[in-house]
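Results of the structural survey
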2 protein chains.
Amino acid sequence: MKQHIADRMRGISSFYVMELLQRAKELERQGRDIVHMEIGEPDFATPPLALEAGNRFLSKGEVKYTAAAGLPELRAAVSDFYRAQYEVDLDPRRVFITPGASGAFLLAFAASLNPGERVLMSDPCYPCNDNFVRLFDARTHFVPVGAETDYQLNAELIRRHWQPQCKGALIASPSNPTGTMIGNTDLQAAIAEVRALDGCFYSDEIYHGLVYGDPAASALQFSDEVFVINSFSKFFGMTGWRVGWLVVPDEFVDAVEKLAQNIFIATSTHSQYAALASFNPENMAELLRRRDELAGRRDFLYDKLLSLGFKIACKPQGAFYIYADCSEFCDDSFEFAKRLLETEGVAVTPGKDFGAHLANRHIRFAYTASVDRMAAALTRLERFICR
Amino acid sequence: MKQHIADRMRGISSFYVMELLQRAKELERQGRDIVHMEIGEPDFATPPLALEAGNRFLSKGEVKYTAAAGLPELRAAVSDFYRAQYEVDLDPRRVFITPGASGAFLLAFAASLNPGERVLMSDPCYPCNDNFVRLFDARTHFVPVGAETDYQLNAELIRRHWQPQCKGALIASPSNPTGTMIGNTDLQAAIAEVRALDGCFYSDEIYHGLVYGDPAASALQFSDEVFVINSFSKFFGMTGWRVGWLVVPDEFVDAVEKLAQNIFIATSTHSQYAALASFNPENMAELLRRRDELAGRRDFLYDKLLSLGFKIACKPQGAFYIYADCSEFCDDSFEFAKRLLETEGVAVTPGKDFGAHLANRHIRFAYTASVDRMAAALTRLERFICR
């Protein structure tokens, strides 16, 4: 007898890159050397102070549940971080510690989206965001964006695309896959526009800190009535620990507290204690050194890709991705990625993982590998496109 | 301007015990001694071998994402565990490692429930289960149960309560709050009934292993077409690590894999490595010693509560709870719990956290504290009810 899979699953897709990843692993098992430029996780170990804090906590052996909303000292530390970093006063009650940014998106959308409602997002954007919306039987309204807006939504696009079913808009800056950012004035105007429309503004700030020019502004600098999603995974270098946070508008605090109690119990306790050490000045100094290393990688990869004939509409200002137009070399970037992996052992992510708008012309390169490894990949890439 | 909280939040409630917990903490800050018999977490530290494995993994400092479905070696170890423990052959592809049993419920219900569909559950039962159903805009149809079925659903109750909108039924054995179990024949018949109705059978087995008589049967012994939720939190003693697992029917593997990629990225890596040590025979021996300690606590508490005049309709066979009828002493068990905390510093959980059926007559006692601490609590309880 057949059991019926929920209808929402028809709209939730695997990432195309998974197919490439699986093939890359097969090739590695066969002894091939693969350069991984598809992975959204830098090759850095956990920062020493965070690791020490995790170990110190574990040495006691008492790994019990924390409060559902997170360790009070970690919520307070996040609040202090907003004061230090953004000059924002933030009541720790509005901060929820979550299992990665994934948990933050779960809470934010579960607490705010009804079935059938719409959320505006840019195309291209990170594919999980749309799938989180679909989880609650709401829908994403994708707005095609390009170089003219640094691949970001803005107030005018929001106004033009807003429909009666719209519940909110999401802006991710720096963006995955483009690494581009929204300007402060544009961010402020976008928030004002969404709030004037009585909508929810979701600010995905998970790549904050990994910014190579002027620092990014937080949505909280412009409004208290926003959802901010952030994480210890990217700038703080703690991917596998799975700790993130969500800041919610005051009126959502009770609802999100109830949700957290029910759907998480709590975030991993030792991970929270390790995360608490992140804000130590010595740790922050190490993180800035890592950011500078990534800035160097970006410059290296950007220049090389341009010299090979890739077009990059906007020089990325943050995160660790370059979204490159490969239409000079192919009609279908997924085929391009598959052949590049097979023939040269270089793994990249096809544009169609990030939307539909000109996706077949684009490839995402992650500079999460060292310059040496990237140099090897680029030699192979040059051979591949000159073939 | 008002932002609109999602409609589903109206149906999701906080636990009443949270109010008591908060008051208990206030009293502790004032210097009062509180005996915690409300907490679903025993006073044991992480088992030494799991802790060592976690530490050993962390010593390398490379805490990267795992595959979304979990570490392949942990999925294989869970599969092996089913062979050793239940004589069940289980393809590791059907095993998903999750952030606690919470993550397992999220995946199971997201993949199977459409808005408006119904899931049958017993009343009383664990409150999060209903709230997970509501998260996906489905509804729980509660079936009042009592001593005549050991507080469990059975095939006949399922048949009688099944409606056209019904999508499935959930059985938790051993049960929270009652500690009672479903017999093997009844479990098999209940699964057959649900499958004959073309429904999904969700078997909550998170208290397996904490069983004080004959071991519990897994739903997987009777069918491959079931969802099984389990966790490293209870028998394996790893609450704060947040690792659980979900077994799904073969036809759900692809859907659940996609979901896991999107909504978790992965479960905490170091927690998965620690969990992997759980199945070590030396660790299992330690866990059985802890189970025997809990069995002793159950006997102690059970006898004492009866001698004080509480009625316990079924002697609990597993978990670490006793669901006691306190109608001899009060009309409203929540008021009883509040006064017991205020006057005697003993914290317990009111029945209304577990449903509506005769809830005001019942209190849940957790035997997660030592016999000495419980003895102190029972002296105070005796004074309280004799006042």
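Residues numbered from 1 in each chain as written. Chains lettered and ligands numbered in written order. Predicted model: local features only at pLDDT ≥ 70, side-chain atom pairs only at ≥ 80, totals over all residues. Heavy atoms only, no water.

As annotated in an unreviewed UniProt entry, chain A carries the name Aminotransferase and is attributed to Methylomonas koyamae. Here is the UniProt Cofactor (unreviewed entry) comment for chain A, exactly as written: "pyridoxal 5'-phosphate". Under the heading Sequence similarities (unreviewed entry), UniProt records this for chain A: "Belongs to the class-I pyridoxal-phosphate-dependent aminotransferase family." (UniProt positions renumbered as here; feature names shortened; annotations may be inferred.)

So, about the sheet that holds strand E7 (residues 226-231) of chain B. Residue and element names in this part refer to chain B. Strand order in the open sheet formed by 7 strands is E2-E8-E7-E6-E5-E3-E4, with mixed pairing between adjacent strands. Single-partner strands in this sheet number two, and they are strand E2 (95-98) and strand E4 (139-144). This sheet shows a mean twist of 25° between the axes of neighbouring strands, independent of strand direction. In terms of strand pairing, strand E3 (residues 118-123) meets strand E5 (residues 166-172) through 3 bridges, oriented parallel. Residue leucine 120 lies in a different strand from E5, and its bridge partner there is alanine 169. Relative to the sheet, helix H7 (residues 184-196) contacts E5, strand E6 (200-204) and E7, its axis offset from that of E6 by approximately 150°. (Pairing = 2+ DSSP bridges. Helix = DSSP H or I, 4+ residues; strand = E, 2+ residues; numbered from the N terminus. Axes fitted to C-alpha atoms, helices over the stretch in contact; angles between N-to-C directions. Contact = heavy atoms within 4.5 Å.)

The subject of this paragraph is the pattern of salt bridges. Residue and element names in this part refer to chain A. Counted according to the given criterion, the structure contains 58 salt bridges over all chains. For the salt bridge of lysine 338 with glutamate 335, the shortest nitrogen-to-oxygen distance reads 3.5 Å. Note that lysine 338 and glutamate 335 are positioned in helix H11 (residues 333-344) at a spacing of 3 residues, about one turn of the helix. When its relative accessible area of 25% is taken as the criterion, lysine 338 is described as partly exposed. One salt-bridge network, held together by shared partners, links Glu19, Glu335 and Lys338. (Salt bridge = Lys/Arg side-chain N within 4 Å of Asp/Glu carboxyl O. Buried < 20%, exposed > 50% of the residue type's maximum accessible area, 1.4 Å probe, protein only.)

All names here are of chain B. A rise of 1.5 Å per residue sets the reference length of helix H11 (residues 333-344), with its 12 residues, at 16 Å; its end C-alpha atoms lie 15 Å apart and thus fit the reference within 8%. Of all the residues in H11, the buried ones are Ser333, Phe334, Phe336, Ala337, Leu340, Leu341 and Glu344. Considered in projection along H11, the buried side chains sweep an arc of 160° and stay on one side of the axis. Tucked into the core, H11 has its buried residues touching helix H1 (16-29), strand E10 (346-347), strand E11 (349-350), strand E12 (362-366) and helix H12 (371-386). The N-terminus of H11 is capped by aspartate 332, whose side-chain oxygen sits 2.9 Å from the backbone nitrogen of phenylalanine 334. Of the residues trailing H11, glycine 345 is marked for its positive phi of about 70°. (Expected span 1.5 Å × (residues − 1). Arc of directions from axis to C-beta. Polar contact = N/O pair within 3.5 Å; in protein donor to acceptor, adjacent residues only side chain to side chain.)

Cis geometry is found at the peptide bond from B:Asp123 to B:Pro124, where omega equals 10°. For B:Pro124, the location among the structural elements is in the loop between E3 and helix H5 (127-135). Phi at A:Arg242 is positive, roughly 60°, even though this residue is not glycine. The topology assignment puts A:Arg242 in the loop between strand E7 (226-231) and strand E8 (244-247). Overall, the relative accessible area of 4% leaves A:Arg242 in the buried class.

Once that is clear, we can look at the side chain of B:Ser233. Counting through the fold element by element, B:Ser233 comes out in the loop between E7 and strand E8 (244-247). Taking the relative accessible area as the measure of exposure, B:Ser233 reaches 3% and is therefore buried. The contact partners of B:Ser233, leaving out residues within four places of it in the chain, are A:Tyr65, B:Met238, B:Thr239, B:Arg242 and B:Val243.

Turning our eyes to something else, we now look at the packing of aromatic side chains. Inspection of every chain in the model, using the stated rule, returns 61 aromatic pairs over all chains. Between the aromatic rings of A:Tyr82 and A:Trp245, the centroid separation amounts to 6.3 Å while the plane-to-plane angle is 85°, which identifies the pairing as edge-to-face. With A:Tyr82 in helix H3 (residues 72-86) and A:Trp245 in strand E8, this pair connects stretches of sequence that are 163 residues apart. Neither residue differs from the other here; A:Tyr82 and A:Trp245 are each classed as buried. Summarising the aromatic geometry, the rings of A:Phe227 and A:Phe252 are spaced 4.9 Å apart at their centres and angled 70° between planes, so their arrangement reads as edge-to-face. On the criterion of sequence distance, the pair formed by A:Phe227 in strand E7 and A:Phe252 in the loop between E8 and helix H8 (253-263) is long-range, its members being 25 residues apart. Each member of the pair, A:Phe227 as well as A:Phe252, carries the same accessibility label: buried. Ring pairs connect the aromatic residues A:Phe81, A:Tyr82, A:Tyr86, A:Phe232, A:Phe235, A:Phe236, A:Trp245 and A:Phe279, which therefore count as one cluster. The ring centre of B:Phe96 lies 5.2 Å from the NZ or CZ of B:Arg75, which sits over that ring. (Phe/Tyr/Trp six-rings, centres within 6.5 Å; stacked < 30°, edge-to-face > 60°. Lys NZ or Arg CZ within 6 Å of the ring centre and 35° of its normal.)

Before going further, it helps to examine the confidence of the model for chain A. Model confidence for chain A is summarised by a mean pLDDT of 96, while 99% of its residues fall at 70 or above. Across the predicted assembly, pTM comes out at 0.96 and ipTM at 0.95. (pLDDT = per-residue confidence, 0-100.)

Turning to the interface of chain B and chain A, a few remarks are in order. Across the boundary between the two partners, chain B contributes 77 residues, which contact 77 residues of chain A. Counting the surface lost from both chain B and chain A, the interface buries some 6,600 Å², and carbon and sulfur atoms represent 50% of this. Scanning the region where chain B abuts chain A turns up 0 salt bridges. Across the chain B-chain A interface, the total number found is 42 residue pairs in polar contact (both at pLDDT 80 or more). Going through the elements one at a time, helix H2 (48-58), helix H4 (100-112), H5, H7, helix H8 (253-263) and helix H9 (269-276) of chain B are the ones with two or more residues in the side of chain B that touches chain A. Its residues assigned to classes, the side of chain B that touches chain A shows 38 nonpolar, 23 polar and 16 charged. (Buried area = accessible area lost by both parts, 1.4 Å probe. Nonpolar A, V, L, I, M, F, W, Y, C, P; charged D, E, K, R; others polar.)

What follows concerns empty space enclosed by the protein. All names here are of chain A. According to the stated counting rule, one finds 9 cavities of 30 Å³ or more in the structure shown. In this structure, the largest cavity occupies an estimated 170 Å³ of space. The residue inventory of the lining of the largest cavity, partitioned by class, reads 10 nonpolar, 8 polar and 2 charged. Its volume calculated, the second largest cavity comes out at about 130 Å³. In terms of lining residues, the second largest cavity is bounded by 16 residues, among which Pro42, Phe44, Lys234, Gly237 and Arg290 are the most central. When grouped by side-chain class, the residues that make up the lining of the second largest cavity number 9 nonpolar, 3 polar and 4 charged. Looking at which domains feed residues into the lining of the second largest cavity, each of domain 1 (7-46 + 283-385) and domain 2 (48-280) supplies at least three. (1 Å grid on protein atoms, 1.4 Å probe; cavity = no way out; pocket = protein on both sides within 12 Å on 5 of 7 lines; lining within 4 Å. Points joined across faces, edges and corners; volume = space filled by probe spheres on them. Domains from an automatic or database assignment.)

A separate point is the domain arrangement of chain A. Residues and elements named next belong to chain A. By the assigned domains, chain A splits into domain 1 (7-46 + 283-385) and domain 2 (48-280). Computed from C-alpha atoms alone, the centre-to-centre distance between domain 1 and domain 2 is 25 Å. The junction of domain 1 with domain 2 conceals about 3,400 Å² of combined surface from both sides, 61% of it contributed by carbon and sulfur atoms. By the criterion of area lost to domain 2, the three top residues of domain 1 are Thr46, Asn283 and Met284, representing 20% of everything that side buries. Put simply, domain 1 and domain 2 have 1 salt bridge between them.

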